[in-house]
Structure formats: structure tokens, C-alpha cells
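# Architecture and fold: a report
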Amino acid sequence: MILEVAGIDTYYGETQALFGVSLTVAPGEVVALLGPNGAGKTTTIRSVLGLTRPRRGQIRFDGRDISEAPTHEIARAGIGWVPDDRRICPTLTVARNLAIAMKRTRFRSWTMKEVFEIFTALEYLMARDAENLSGGEMQMVAIARSLLGAPGLVLFDEPSQGLAPMIVDKVLATIARLKAEGVASLIVEQNAETALGIADRVYVLDLGRTAWSGPAAALRDDPALRWRLLGA
Ligand SMILES: Nc1ncnc2c1ncn2[C@@H]1O[C@H](COP(=O)(O)OP(=O)(O)OP(=O)(O)O)[C@@H](O)[C@H]1O
Ligand SMILES: [Mg+2]
């Protein structure tokens, strides 16, 4: 397993948001984390990144316990992050945003040329100040940034939210390409349809607990189960 989350309890102040959440992701696997608003999906990602540290439980990445590691070290170990709010530095150009994201890890770093092959438009946006980008353009930058950081695992938080179908297709193509190279993805999605189309396995969270986990095909093929778990 490239990622092993074992029984984490995560709090915001005194409020417990995660209750014994466990999940695993294998190299090259696409795992979807689904569940309603407030279920704890983003908190799970924040826990892995050490942004909101679990009080109990353990997180291992690439064979190493990262439960106590500082966030910059976790990133350097090879975990990429595509945040739900993109977090592009607005006062820098696109080129600069990408340049500061480049890292060496034990995993392969994507070249700028490969990134432009996927996101053709990006090449023409390089000199633009990031504050002038559209939502879709910002998402391209956010994903490109994660690839240039040489990830072994990418955490995608609502990667298709608010995007035009053409950009959503590019996001899905990127995840497929990562998979082909043995890079794992953990995808948080509200749009279960999109996630189920590409995921190998699924975890469903509800009120901070794992409500269900299993192969994506089981949810794809069983509308009644899908309805019970996701209301969709
Ligand atoms: N910064 C915070 N401070 C306090 N409570 C928070 C904070 N962020 C999230 N929470 C609470 O933690 C719980 C889990 O929230 P989280 O954002 O992880 O859910 P989510 O599954 O990502 O939901 P969404 O689909 O709306 O993004 C919720 O009850 C939420 O109100
Ligand atoms: Mg969220």
C-alpha cells in the first residue's frame, strides 16, 4: 500500500470530525472518497497532509509513518494535493506558480512539456497573473502544480466541481494517465457519477465514520445500494 490510514480521530478544537477512519490506497490505484456535505472528506485529506493532525491513529505513506511529520516533509515525500479552493497564488504569474511547485521526490517528476500536452491552454497562460484566471484555468494550474511536484499519490478534493465538461474530461484523463504510470489517486467527489466512472475502490463517509467501502463496480451495478449510501 502506498497510503495506509489506520483508525484516525481528527478534531477541530473540541469537535470531533473523524471517528476511527481507516483507508488504504495501493500504488496506481484510484480510490474515491464519497459522502454528503460535512461527512469528513476534506478533513481526511487534511489529516493525511498534517494540516489538521489526528489525535489518534496512524498514517503511513510509502512505507513510512508520517503521522507526526510536518506538512512540507509530507509533500516532499511525494504526496500531491489539488485543494478544493485551488490555492493558486494570485499575485504571481502562472509560470511562477508552477516553478515554485517543482520538486524532486523518489517518484518521477512530470516535465512542463508533458503538462502542456494535457493542458494545452496552459502554455499560452504562462505569463498571465494568476488572479486573472477563470475557474477552469485555475484548476489546470492546480493539477499541473501537483504533477510537477513528482507525486506518488495525488489527493484531489472535488476536482470536477464547477468546471466545464471539457475540463472535467481533462481532469479524468490526467487521473487515468497517473494510474498508467503507477501513481495513485485519492479523489474526493460530490459528483458520485464522475468518481464511480474512474475509481477502482470506494469509501463512503457519513458523519465522520466509514459507512461503506468496497469495489466501485459494486456501487456502479447496484442502484439501490447507491441510493441508500449516496442518495443518488
Ligand atoms: N475549520 C473547521 N473548523 C471547525 N469545524 C470544521 C472545520 N472544517 C470542517 N469542520 C467540520 O468538520 C466536519 C467535516 O467537514 P469536512 O469539510 O471534512 O466535510 P466534507 O465531507 O469535506 O464536506 P463537503 O462535501 O461540504 O466539502 C463538518 O462537521 C464540518 O463542519
Ligand atoms: Mg470537503
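Each remark here, short or long, concerns the structure printed above.
For the structure given in this document, a descriptive report is provided here. (Residues numbered from 1 in each chain as written. Chains lettered and ligands numbered in written order. Predicted model: local features only at pLDDT ≥ 70, side-chain atom pairs only at ≥ 80, totals over all residues.)

### Concerning the overall build of the chain
- Regarding its fold elements, the chain presents 9 helices and 10 strands.
- Scaling as 2.2 N^0.38, a compact globule of 232 residues should have a C-alpha radius of gyration of about 17 Å, and the chain matches this with 17 Å.
- C-alpha extents for the chain along the principal axes are approximately 45 × 40 × 30 Å.
- By the burial criterion, 42% of the 232 residues in the chain qualify as buried. (Helix = DSSP H or I, 4+ residues; strand = E, 2+ residues; numbered from the N terminus. Rg over C-alpha atoms; globule rule 2.2 N^0.38 Å. Buried ≥ 20, exposed ≤ 12 C-beta atoms within 10 Å, placed from the backbone.)

### Remarks on the environment of Ala 75
- Residue placement: Ala 75 occurs in helix α2 (residues 71-76).
- For Ala 75, a count of 20 C-beta atoms within 10 Å gives the class buried.
- Put simply, Ala 75 and Arg 201 are 126 residues apart on the chain and 24 Å apart in space, counted from C-alpha to C-alpha.

### What to know about the site of ligand 1
- Contacts to ligand 1 come from Tyr 12, Thr 15, Ala 17, Gly 35, Asn 37, Gly 38, Ala 39, Gly 40, Lys 41, Thr 42, Thr 43 and Gln 190.
- At the level of secondary structure, the elements contributing two or more residues to the shell around ligand 1 comprise β2 (15-25) and α1 (41-48).
- The greatest single-element share of the shell around ligand 1, amounting to 3 residues, is contributed by α1. (Near = placed C-beta within 6 Å.)

### Concerning helix α5 (residues 135-148)
- Look at α5: 20 Å from first C-alpha to last across 14 residues, which is about the 20 Å you get at 1.5 Å a residue.
- Among the 14 residues that make up α5, 12 are buried, leaving the element largely enclosed by the rest of the structure.
- Burial in α5 covers these residues: Glu 137, Met 138, Gln 139, Met 140, Val 141, Ala 142, Ile 143, Ala 144, Arg 145, Ser 146, Leu 147 and Leu 148.
- On its buried face, α5 sits against β6 (79-82), α3 (94-99), α4 (112-118), β7 (153-157) and α6 (165-180).
- Of the residues one or two after α5, Ala 150 is the one with positive phi, at around 55°. (Expected span 1.5 Å × (residues − 1). Contact = placed C-beta atoms within 7 Å.)

### Let's talk about the pairing of strand β8 (residues 184-188)
- Within β8, 5 of the 5 residues are buried, leaving the element largely enclosed by the surrounding structure.
- Because side chains alternate across β8, one face comprises the buried residues Ala 184, Leu 186 and Val 188, and the other comprises Ser 185 and Ile 187, equally buried.
- Here strand β3 (residues 30-34) pairs with β8 via 4 bridges, running parallel. The residue bridging Val 30 from the neighbouring strand is Ser 185, located in β8.
- Taken together, the 5 bridges between β7 and β8 define a ladder with parallel strand orientation. Bridging from a neighbouring strand, Val 154 pairs with Ser 185 of β8.
- Handedness of the β-α-β unit built from β7, α6 and β8 comes out right-handed. (Pairing = 2+ DSSP bridges. Right-handed = clockwise from strand over helix to strand, strands pointing away.)

### Examining the sheet that holds strand β4 (residues 56-61)
- Reading across the sheet, the 4 strands line up as β2-β1-β4-β5 and stay open at both edges, with antiparallel pairing between neighbours. Of all strands in the sheet, those bounded by a partner on one side alone are β2 and β5 (64-65).

### So, the nonpolar core
- One finds Ala 144, Leu 153 and Leu 155 to be the most contacted residues of the largest nonpolar core, which totals 66 residues.
- At 8 residues, the largest contribution of residues to this core is made by α5.
- Leave out the neighbours within four places in its chain, and Leu 155 touches Ile 45, Val 48, Ile 79, Gly 80, Trp 81, Val 82 and Leu 186. (Core = buried A, V, L, I, M, F, W, Y, C linked by C-beta atoms within 7 Å.)

### Examining the sheet that holds strand β9 (residues 201-206)
- Taken in spatial order, the 6 strands line up as β6-β7-β8-β3-β9-β10 in an open sheet, and their pairing is mixed. The strands lining the two open edges of the sheet, one partner per strand, are β6 and β10 (209-215). Across this sheet, the average inter-strand angle for adjacent strands is 15°, counted without regard to direction.
- The strands touched by α5 are β6 and β7; relative to β6, the strand with the most contacts, the crossing angle is about 175°. (Axes fitted to C-alpha atoms, helices over the stretch in contact; angles between N-to-C directions.)

### Details of unusual backbone geometry
- Although it is not a glycine, Asp 62 sits at a positive phi angle of roughly 55°.
- Position of Asp 62 among the secondary structure elements: in the loop between β4 and β5.

### Topic: the environment of Lys 179
- With respect to the helices, strands and loops of the structure, Lys 179 is situated in helix α6.
- A C-alpha to C-alpha distance of 13 Å links Lys 179 and Arg 108, two positions 71 residues apart in sequence.
- Excluding residues within four positions of it along the chain, Lys 179 makes contact with Gly 28, Val 30 and Ser 185.

No statement about biological role is implied by the geometric values presented.
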